[in-house]
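# Fold and contact review
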Amino acid sequence: MKPPPFEYFAPATLDEALALMAEHGYDAKALAGGQSLIPMMNFRLAQPEILVDLNNISELAYIRPSDDGGVLIGAMTRHRMVERSPLIAERAPLIYETMPKIATEQVRNRGTFGGSLAHADSSAELVAVSVALNARFRIRSQEGERWVSAKEFFISLFTTILEPEELVVEIAFPPMPERSGWSIKETARRPHDFALTGVVAMLTLDNENHCQQVKLVYLSAGDGPMEGCQAAETLKGQPLTAETIQAAAEIAASADIDPSNDVHATAEYRRHLAKVLTYQALKEAFERAISNN
Amino acid sequence: MMSDLHNVTVTVNGNKYERDVEPRLLLSDFLRHELGLLGTHVGCEHGVCGACTVMFDGQPVRSCLMFAVQAQGHEITTVEGLGTMEALHPLQEAFWEAHALQCGFCTPGLLTTLVPFLEENPDPSEEEIREAISGNLCRCTGYQHIVDAVKLAAEKMS
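Fair warning: this is a prediction, and the values are worked out from it, not measured in the lab.

Attention now moves to the overall build of chain A. Scanning chain A for helices and strands turns up twelve helices and 14 strands. In terms of overall dimensions, chain A is globule-like: its C-alpha atoms have a radius of gyration of 19 Å, near the 19 Å expected for 293 residues. The principal-axis extents of the C-alpha atoms in chain A amount to approximately 60 × 45 × 30 Å. Here chain A holds 293 residues, and the buried ones make up 51% of them. Long-range pairs, those at least 24 residues apart, make up 64% of the contacts in chain A with a sequence separation of at least 6.

As a further point, take the sheet that holds strand β14 (residues 226-227) of chain A. All names here are of chain A. Read across the sheet, four strands follow the order β11-β12-β13-β14 without closing on themselves; strand pairing throughout is antiparallel. Two strands lie at the open edges of the sheet, namely β11 (180-187) and β14, each paired on one side alone. The pairing of strand β13 (residues 211-219) with β14 spans two bridges and is antiparallel. Opposite V217, over in β14, you have E227 as the bridge partner.

All names here are of chain B. Between helix α3 (residues 107-120) and helix α5 (residues 144-157), the least distance of the axes is 12 Å, while the angle of their chain directions is 40°. Comparing their axes, α5 and α3 come out oblique. The two elements α3 and α5 meet at a crossing, and its hand is right-handed. Residues L110, L114 and L118 of α3 touch α5, and the partners they reach there are I146, V150, A153, A154 and M157. Of the residues belonging to the contact of α3 with α5, the class tally is eight nonpolar, no polar and no charged.

Cut-offs and rules
Residues numbered from 1 in each chain as written. Chains lettered and ligands numbered in written order. Predicted model: local features only at pLDDT ≥ 70, side-chain atom pairs only at ≥ 80, totals over all residues. Helix = DSSP H or I, 4+ residues; strand = E, 2+ residues; numbered from the N terminus. Rg over C-alpha atoms; globule rule 2.2 N^0.38 Å. Buried ≥ 20, exposed ≤ 12 C-beta atoms within 10 Å, placed from the backbone. Contact = placed C-beta atoms within 7 Å. Pairing = 2+ DSSP bridges. Axes fitted to C-alpha atoms, helices over the stretch in contact; angles between N-to-C directions. Parallel < 35°, antiparallel > 145°, perpendicular 65-115°, else oblique. Left-handed = near helix turned anticlockwise from the far one by under 90°. Nonpolar A, V, L, I, M, F, W, Y, C, P; charged D, E, K, R; others polar.

Put into structure tokens, the structure is as follows:
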């Protein structure tokens, strides 16, 4: 199928883009990499009357170190760039490991870091990763700017806190805490399919190598990024043994997530997968945290 | 609602083209219908099958997931730009010799994916090749001869 007619603008600067978004509001959709929006338009699941194409705004594509030891990623940075960035490998190894899992190489050549996040598909790896890493989003409008935490940013499927005239311009990741480990595990039937379900784990150990802090965030397990809060509670202050990890995995799978039934998998199977993947992720995150000392 | 036509100038296979198009015209349809370059095929129109893959400023992208107006000022290479009947690209020769195509529907998308791949990876392992083609679906060959063809091409090009 083909998209219905729309008006198209290709501003050269952020200010021009924000002026267009302010003028056209609800009728306009920002076009970033297009790797999620255009399929929806081709199927007429999305029918924006106006597209504001951000691809000529080079000032929005960058990867920079931030003063606190973390990284800043411009919203229009192509996945391809993030995937190959030594700065990301060094300061945000979880992101570095995640990038090759996103769709296929061809999609990553056009898709953008900020576009994936603003699209807010609950099956997007970066959505779960940004919550797990406590990312902060810089949001601009013609009126000014505001910062929002990843947790506040995602409201539900394809729904974010963005007002119609706003654009995400930058995503800030804090530095990895000391004694931390990470992992991302997902399963799909064919390489590069949308994951049936997946989990991102971020773990920080205390001086006795017990769990000081753990974050588990699930993709394709509910309406948005699902946090394994109850599972995380059981691990606080505890040693990370096969038993404690298994117990946490079971709680996460039964109580923390809300997966759906569809043609690809039943909710029951997704829960089973979540349990298995949580175990693997926590084990790997723990091993990494230990070896990072 | 009729949308205004936009003027787009794009270089395809080294030739400059200028057309007036609706913004909603997909790059895949622009190449096929406006420029008559039928080598780029349309499969799923949502980015998963790879049949529409072309080189955009030297990198493989899904032409079904771009609008023609977005190609303004950029350089595109389609399968027609890789070689001629008289002088096939070594990769095209290798596909022929290794029987890496049957119906040929997926083939242009594979070629435009693999040419940049071989430029970056002149001596790939089988595993690397299989990963490189994992964004292109083939219903005919079972992929083995495609892998063979890439190895053969790497040899030819070394």
